[in-house]
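Chain residues, written in single-letter form:
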Amino acid sequence: MAELLWEVFKETTIDTLKVIPVLLIAYGLMEVIGHKAGERAKALVKKSGRFGPLYGAVLGTVPQCGFSAGASGLYAGRVITVGTLIAVFLSTSDEMLPILLSENVPIGTIGKILGLKVFFAALAGFITDFGVRLFRKRHQKPLEEPINIHHVCEHDAAHKEEDGILKSTLLHTVKIAGFLYVISFVLTFLLDFVGEERLSALFISTPVVAELIAGLIGLIPNCAASVVITQLYVEGIIGVGPMMTGLLVGAGIGILVLFKEHDNPKKNAAIVGITYFFGVLFGVILDLLKVTL
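This text gives an overview of the structure that appears in the document. Since this is a predicted model, take the numbers as computed values, not measurements. (Residues numbered from 1 in each chain as written. Predicted model: local features only at pLDDT ≥ 70, side-chain atom pairs only at ≥ 80, totals over all residues. Heavy atoms only, no water.)

At a minimum axis separation of 10 Å, helix H4 (residues 82-91) and helix H14 (residues 265-288) run at an interaxial angle of 50°. Between H4 and H14, the crossing angle belongs to the class labelled oblique. In this structure, the crossing between H4 and H14 has a hand that is right-handed. Within the contact between the two elements, H4 uses Val82, Leu85, Ile86, Phe89 and Leu90 and H14 uses Ile271, Ile274, Thr275, Phe278 and Gly279. (Axes fitted to C-alpha atoms, helices over the stretch in contact; angles between N-to-C directions. Helix = DSSP H or I, 4+ residues; strand = E, 2+ residues; numbered from the N terminus. Parallel < 35°, antiparallel > 145°, perpendicular 65-115°, else oblique. Left-handed = near helix turned anticlockwise from the far one by under 90°. Contact = heavy atoms within 4.5 Å.)

Dropping the structure here:
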């Protein structure tokens, strides 16, 4: 056992050191995009109207961690629809992109994953908005008046300015490298101790259960969730269905901000439930269609 742990330690340390330069570059680009395009993306979503879910789905894939939080603030301020918020939640990739790049996953595969996320996110958003409009029409419920959300946006902008691009890049890289090291250590140990075939068979043989579990992992409001899901997929332990479910459901800190800024726990719980439902549904569909990427 001691020998196995030492081998796992060496292997994990070397692998993590190899990906740090890629993470630095990826997060540096993400920070630049976040600073340059963050407010523009919010402005586009505000003006999107009934096409909000499509805009939200596309912009949610922009590799910056704060967009789902910003969308929660916009929804709390009654600026965007619930369908647009859910589209952003489902398309948000959190740490998926830099990890896939660091693991040398083909660009074509990454493009397919992002494309599927945008498609599913937009579809779920439009379905949700249609259902809400139908409900309001039948029950003659008026649309809610907007409220002031400037404090949310100003706080977010101030936080970004205070951190700075270089500092944020370094902190993010160190944080994710740490998560990646711990998760990789555990996965490598399990793969060596239990066996890759037995471990992957546990998930592949129970497809619906795999999606349900992946969705629950995705709900964890922390970047570690997307790290876990992405690593499980890269290591071949889970297939496309569970991977897509976990990454669709994983909205990062957006859910935390939603509960903080929107003072309606029942609606917030319903939004989380709808996000989880669509994430699991689309993952199961991919499994049933035997989609490979």
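There's plenty left to go through after this.
Quick look at the nonpolar core now. Residues Leu85, Met243 and Ile271 are the most contacted members of the largest nonpolar core, which totals 44 residues. Aside from chain neighbours lying at most four places away, what touches Met243 is Ile113, Ile229, Tyr233, Ile238 and Leu293. Counting seven residues, the second largest nonpolar core, distinct from the first, contains Val19, Ile176, Ile183 and Val227. (Core = buried A, V, L, I, M, F, W, Y, C linked by side-chain atoms within 4.5 Å. Buried < 20%, exposed > 50% of the residue type's maximum accessible area, 1.4 Å probe, protein only.)

Of note, the phi angle at Arg78 is positive, near 60°, even though the residue is not glycine. Counting through the fold element by element, Arg78 comes out in the loop between helix H3 (67-76) and H4.

Two side chains carrying opposite charge are able to pair once their charged atoms lie near each other. Summed over the entire model, instances satisfying the criterion amount to two salt bridges. Across the pair Lys10 and Glu7 runs a salt bridge whose closest N-O atoms are separated by 3.5 Å. Taken together, the residues Lys10 and Glu7, both in helix H1 (residues 2-46) and three residues apart, mark about one turn of the helix. Residue classification places Glu7 among the partly exposed positions, given a relative accessible area of 39%. In this structure, Glu261 and Lys260 form a salt bridge, with 3.2 Å as the shortest nitrogen-oxygen distance. Taking relative accessible area as the criterion, Glu261 reaches 23% and is therefore assigned partly exposed. According to the relative accessible area criterion, Lys260 is exposed, its value standing at 67%. (Salt bridge = Lys/Arg side-chain N within 4 Å of Asp/Glu carboxyl O.)

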